[in-house]
Amino acid sequence: MKTTVKGCGRILPSIVAFGAILLSMLSTEVLAQTGCASPSPTLVSWWLGEYGTTDMMGWNPGTAVGNLTFGGGEVGQAFVLDGFSGLEVPDSPSLNPAGSLSIEGWVYPTVDQNGVIMAKWGGTGDYNDQRSYIFKLVTGLGLNFAVTDAANQWNVPFQAWVVPNVITLNTWSHVAAVYDQTTGTRIMYVNGQEVGRQTDPPITVLHSIAKVGIGGYFLSSTTFDQGFYGLLDEIAFYADAL
(Lines give C-alpha, C1' and ligand atoms only; values in the text may rest on other atoms or scores of the structure.)
Protein backbone atom coordinates (compact mmCIF):
# COMPACT_ATOMS: atom_id res chain seq x y z
CA MET A 1 0.00 0.00 0.00
CA LYS A 2 1.25 3.47 -0.86
CA THR A 3 1.79 5.74 2.12
CA THR A 4 2.84 9.37 2.42
CA VAL A 5 4.24 11.52 5.16
CA LYS A 6 3.55 15.23 5.00
CA GLY A 7 6.10 17.56 6.56
CA CYS A 8 8.98 19.98 6.00
CA GLY A 9 7.13 21.40 3.03
CA ARG A 10 7.18 18.13 1.09
CA ILE A 11 5.24 14.95 0.54
CA LEU A 12 7.56 12.02 1.21
CA PRO A 13 6.29 8.91 -0.59
CA SER A 14 7.18 5.58 0.97
CA ILE A 15 10.46 4.32 -0.46
CA VAL A 16 8.90 0.89 -0.60
CA ALA A 17 6.06 2.29 -2.70
CA PHE A 18 7.95 4.07 -5.47
CA GLY A 19 11.25 5.56 -4.42
CA ALA A 20 12.01 8.90 -2.82
CA ILE A 21 10.79 12.38 -3.58
CA LEU A 22 13.02 13.48 -0.74
CA LEU A 23 12.27 16.18 1.78
CA SER A 24 14.61 19.15 1.78
CA MET A 25 15.62 21.15 4.84
CA LEU A 26 18.82 23.04 5.43
CA SER A 27 19.00 22.70 9.19
CA THR A 28 20.07 19.32 10.53
CA GLU A 29 18.67 20.37 13.88
CA VAL A 30 15.23 20.85 12.34
CA LEU A 31 15.57 17.55 10.54
CA ALA A 32 16.31 15.80 13.81
CA GLN A 33 13.38 17.48 15.57
CA THR A 34 10.83 16.73 12.87
CA GLY A 35 12.05 13.32 11.74
CA CYS A 36 12.27 14.55 8.14
CA ALA A 37 14.59 13.01 5.59
CA SER A 38 17.88 14.65 4.66
CA PRO A 39 18.23 16.52 1.35
CA SER A 40 18.95 14.48 -1.72
CA PRO A 41 22.58 14.88 -2.85
CA THR A 42 21.22 15.58 -6.35
CA LEU A 43 19.17 18.60 -5.22
CA VAL A 44 20.39 21.41 -7.49
CA SER A 45 18.14 24.35 -6.65
CA TRP A 46 15.32 25.13 -4.23
CA TRP A 47 13.23 28.29 -4.48
CA LEU A 48 11.25 28.51 -1.23
CA GLY A 49 9.54 31.88 -1.44
CA GLU A 50 10.69 32.78 2.08
CA TYR A 51 13.64 34.89 1.00
CA GLY A 52 12.51 36.57 -2.18
CA THR A 53 13.73 34.88 -5.34
CA THR A 54 16.78 33.30 -3.70
CA ASP A 55 17.84 29.76 -4.49
CA MET A 56 18.50 28.28 -1.05
CA MET A 57 21.13 25.97 -2.50
CA GLY A 58 22.99 29.05 -3.70
CA TRP A 59 23.59 28.06 -7.32
CA ASN A 60 20.75 29.63 -9.28
CA PRO A 61 19.18 32.75 -7.78
CA GLY A 62 16.27 34.24 -9.67
CA THR A 63 14.90 37.69 -10.31
CA ALA A 64 11.29 38.79 -10.32
CA VAL A 65 9.26 38.94 -13.53
CA GLY A 66 6.34 41.36 -13.55
CA ASN A 67 4.42 42.07 -10.37
CA LEU A 68 5.69 39.12 -8.34
CA THR A 69 4.47 39.22 -4.74
CA PHE A 70 4.55 36.89 -1.74
CA GLY A 71 1.84 35.48 0.49
CA GLY A 72 1.05 32.64 2.84
CA GLY A 73 2.13 29.32 1.37
CA GLU A 74 1.85 25.65 2.21
CA VAL A 75 5.10 26.19 4.14
CA GLY A 76 5.88 29.77 5.17
CA GLN A 77 5.72 32.18 2.24
CA ALA A 78 4.85 31.39 -1.37
CA PHE A 79 5.12 33.10 -4.74
CA VAL A 80 1.85 34.85 -5.63
CA LEU A 81 1.38 34.89 -9.40
CA ASP A 82 -1.09 36.82 -11.56
CA GLY A 83 -0.54 35.12 -14.92
CA PHE A 84 2.12 37.65 -15.93
CA SER A 85 4.58 37.37 -13.06
CA GLY A 86 7.12 34.77 -11.97
CA LEU A 87 10.83 34.08 -11.61
CA GLU A 88 13.60 34.39 -14.18
CA VAL A 89 16.62 32.15 -13.56
CA PRO A 90 19.69 32.49 -15.81
CA ASP A 91 20.89 29.54 -17.84
CA SER A 92 23.56 27.50 -16.07
CA PRO A 93 25.18 24.07 -16.49
CA SER A 94 23.50 22.82 -13.30
CA LEU A 95 20.07 23.40 -14.85
CA ASN A 96 21.07 21.37 -17.93
CA PRO A 97 21.58 17.85 -16.52
CA ALA A 98 23.06 15.40 -18.98
CA GLY A 99 20.85 12.56 -17.76
CA SER A 100 17.79 12.28 -15.55
CA LEU A 101 15.96 15.13 -13.80
CA SER A 102 13.10 15.80 -11.36
CA ILE A 103 10.95 18.82 -10.49
CA GLU A 104 8.70 19.13 -7.45
CA GLY A 105 6.77 21.71 -5.47
CA TRP A 106 3.45 22.88 -4.11
CA VAL A 107 0.79 24.43 -6.37
CA TYR A 108 -2.37 26.38 -5.54
CA PRO A 109 -4.05 27.20 -8.86
CA THR A 110 -6.96 29.61 -8.96
CA VAL A 111 -7.77 29.31 -12.68
CA ASP A 112 -8.19 26.17 -14.81
CA GLN A 113 -5.88 26.97 -17.71
CA ASN A 114 -2.34 26.39 -18.93
CA GLY A 115 0.16 27.63 -16.36
CA VAL A 116 3.83 26.74 -16.10
CA ILE A 117 5.30 25.48 -12.85
CA MET A 118 8.91 25.33 -14.09
CA ALA A 119 10.38 25.23 -17.58
CA LYS A 120 13.44 25.65 -19.76
CA TRP A 121 11.57 25.78 -23.03
CA GLY A 122 12.65 28.32 -25.66
CA GLY A 123 10.75 28.29 -28.92
CA THR A 124 11.21 31.41 -31.03
CA GLY A 125 13.56 34.24 -31.94
CA ASP A 126 16.87 34.01 -30.09
CA TYR A 127 15.52 30.90 -28.30
CA ASN A 128 14.37 29.07 -31.42
CA ASP A 129 14.69 25.28 -30.95
CA GLN A 130 15.92 25.72 -27.37
CA ARG A 131 13.39 23.47 -25.64
CA SER A 132 14.67 21.24 -22.82
CA TYR A 133 11.91 20.49 -20.25
CA ILE A 134 8.58 21.89 -19.11
CA PHE A 135 6.25 20.98 -16.23
CA LYS A 136 2.91 22.76 -16.22
CA LEU A 137 -0.80 22.73 -15.48
CA VAL A 138 -3.09 22.38 -18.48
CA THR A 139 -6.75 23.19 -19.00
CA GLY A 140 -8.90 20.38 -17.67
CA LEU A 141 -7.18 20.33 -14.27
CA GLY A 142 -4.35 18.32 -15.79
CA LEU A 143 -0.57 18.18 -15.80
CA ASN A 144 1.87 18.10 -18.72
CA PHE A 145 5.51 17.08 -18.44
CA ALA A 146 7.66 17.22 -21.56
CA VAL A 147 11.35 16.76 -22.28
CA THR A 148 13.09 16.94 -25.63
CA ASP A 149 16.39 16.70 -27.43
CA ALA A 150 17.51 18.44 -30.63
CA ALA A 151 15.80 15.87 -32.87
CA ASN A 152 12.38 16.22 -31.19
CA GLN A 153 12.07 20.01 -30.94
CA TRP A 154 8.92 19.96 -33.10
CA ASN A 155 7.65 16.50 -32.20
CA VAL A 156 4.35 17.57 -30.64
CA PRO A 157 3.01 14.04 -29.94
CA PHE A 158 6.21 13.26 -28.03
CA GLN A 159 5.93 16.46 -25.99
CA ALA A 160 2.17 16.55 -25.44
CA TRP A 161 1.84 13.90 -22.74
CA VAL A 162 -0.98 15.08 -20.45
CA VAL A 163 -2.67 13.51 -17.44
CA PRO A 164 -6.11 15.20 -17.01
CA ASN A 165 -8.27 15.79 -13.95
CA VAL A 166 -5.64 15.40 -11.25
CA ILE A 167 -5.48 18.96 -9.83
CA THR A 168 -7.98 20.79 -7.62
CA LEU A 169 -8.51 24.55 -7.80
CA ASN A 170 -8.01 26.72 -4.72
CA THR A 171 -6.30 23.87 -2.88
CA TRP A 172 -2.65 23.11 -2.17
CA SER A 173 -1.36 20.04 -3.99
CA HIS A 174 2.14 18.62 -4.04
CA VAL A 175 3.22 17.80 -7.60
CA ALA A 176 6.33 16.10 -8.96
CA ALA A 177 7.68 15.24 -12.40
CA VAL A 178 10.47 12.69 -12.91
CA TYR A 179 12.41 11.84 -16.06
CA ASP A 180 14.47 8.64 -15.87
CA GLN A 181 16.86 8.99 -18.79
CA THR A 182 18.12 5.42 -18.47
CA THR A 183 14.71 4.02 -19.41
CA GLY A 184 13.09 6.97 -21.18
CA THR A 185 10.30 7.00 -18.59
CA ARG A 186 8.44 10.10 -17.44
CA ILE A 187 6.35 9.87 -14.25
CA MET A 188 4.07 12.44 -12.60
CA TYR A 189 2.86 12.42 -9.00
CA VAL A 190 0.17 14.37 -7.12
CA ASN A 191 0.25 14.31 -3.33
CA GLY A 192 2.60 11.35 -3.36
CA GLN A 193 0.45 9.22 -5.66
CA GLU A 194 1.60 8.30 -9.15
CA VAL A 195 -0.95 9.69 -11.62
CA GLY A 196 0.76 8.85 -14.92
CA ARG A 197 3.69 7.14 -16.58
CA GLN A 198 4.97 7.40 -20.15
CA THR A 199 7.92 5.50 -21.64
CA ASP A 200 9.61 6.39 -24.93
CA PRO A 201 13.06 5.68 -26.36
CA PRO A 202 15.59 7.44 -24.08
CA ILE A 203 16.90 10.84 -25.15
CA THR A 204 19.56 13.20 -23.88
CA VAL A 205 17.69 16.37 -22.91
CA LEU A 206 18.90 19.35 -24.93
CA HIS A 207 21.53 21.56 -23.27
CA SER A 208 19.52 24.70 -23.93
CA ILE A 209 20.62 28.34 -23.69
CA ALA A 210 17.12 29.36 -22.55
CA LYS A 211 16.55 30.89 -19.15
CA VAL A 212 14.52 28.90 -16.65
CA GLY A 213 11.09 30.25 -15.85
CA ILE A 214 9.10 29.55 -12.70
CA GLY A 215 5.45 30.53 -13.00
CA GLY A 216 5.87 30.87 -16.78
CA TYR A 217 8.43 30.08 -19.47
CA PHE A 218 10.72 32.11 -21.71
CA LEU A 219 9.58 31.55 -25.28
CA SER A 220 12.39 33.96 -26.18
CA SER A 221 14.76 35.91 -23.97
CA THR A 222 12.19 38.71 -23.74
CA THR A 223 8.87 36.81 -23.96
CA PHE A 224 7.42 35.28 -20.79
CA ASP A 225 4.51 32.99 -21.66
CA GLN A 226 1.84 30.69 -20.15
CA GLY A 227 1.86 32.42 -16.79
CA PHE A 228 0.50 30.65 -13.73
CA TYR A 229 -2.52 32.03 -11.83
CA GLY A 230 -2.33 31.27 -8.12
CA LEU A 231 0.52 30.40 -5.77
CA LEU A 232 3.67 28.27 -6.06
CA ASP A 233 5.77 27.17 -3.11
CA GLU A 234 8.96 25.22 -2.44
CA ILE A 235 9.90 24.62 -6.09
CA ALA A 236 12.88 22.24 -6.31
CA PHE A 237 14.99 20.89 -9.17
CA TYR A 238 17.10 17.71 -9.04
CA ALA A 239 19.68 16.25 -11.43
CA ASP A 240 18.35 12.73 -10.93
CA ALA A 241 15.26 10.56 -11.27
CA LEU A 242 13.95 10.49 -7.71
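Residues numbered from 1 in each chain as written. Predicted model: local features only at pLDDT ≥ 70, side-chain atom pairs only at ≥ 80, totals over all residues. Heavy atoms only, no water.

A.B. asks: Any chance you could explain the pairing of strand β19 (residues 229-238) here in plain terms?
C.D. replies: Across the 10 residues that make up β19, a large majority, nine, are buried. Where strand β3 (residues 43-47) lies against β19, four bridges are found, and the strand directions are antiparallel. When the bridges of β19 are listed, Trp 46 appears paired with Ala 236. Of the pairings in the sheet, the one linking strand β6 (residues 77-82) to β19 comprises four bridges and is antiparallel in character. Bridging across to β19, Asp 82 finds its partner in Tyr 229. Note that strand β8 (residues 101-109) and β19 share seven bridges and pair antiparallel. When the bridges of β19 are listed, Pro 109 appears paired with Gly 230. (Buried < 20%, exposed > 50% of the residue type's maximum accessible area, 1.4 Å probe, protein only. Helix = DSSP H or I, 4+ residues; strand = E, 2+ residues; numbered from the N terminus. Pairing = 2+ DSSP bridges.)

A.B. asks: What am I meant to see in the environment of Val 163 here?
C.D. replies: Residue placement: Val 163 occurs in strand β12 (residues 162-163). The exposure class assigned to Val 163 is buried, which follows from its relative accessible area of 8%. Taking C-alpha positions, Val 163 is 9.0 Å from Phe 145, a pair spaced 18 residues apart along the chain. When near neighbours in sequence (up to four residues on either side) are disregarded, Val 163 contacts Gly 142, Leu 143, Met 188, Val 195 and Gly 196. (Contact = heavy atoms within 4.5 Å.)

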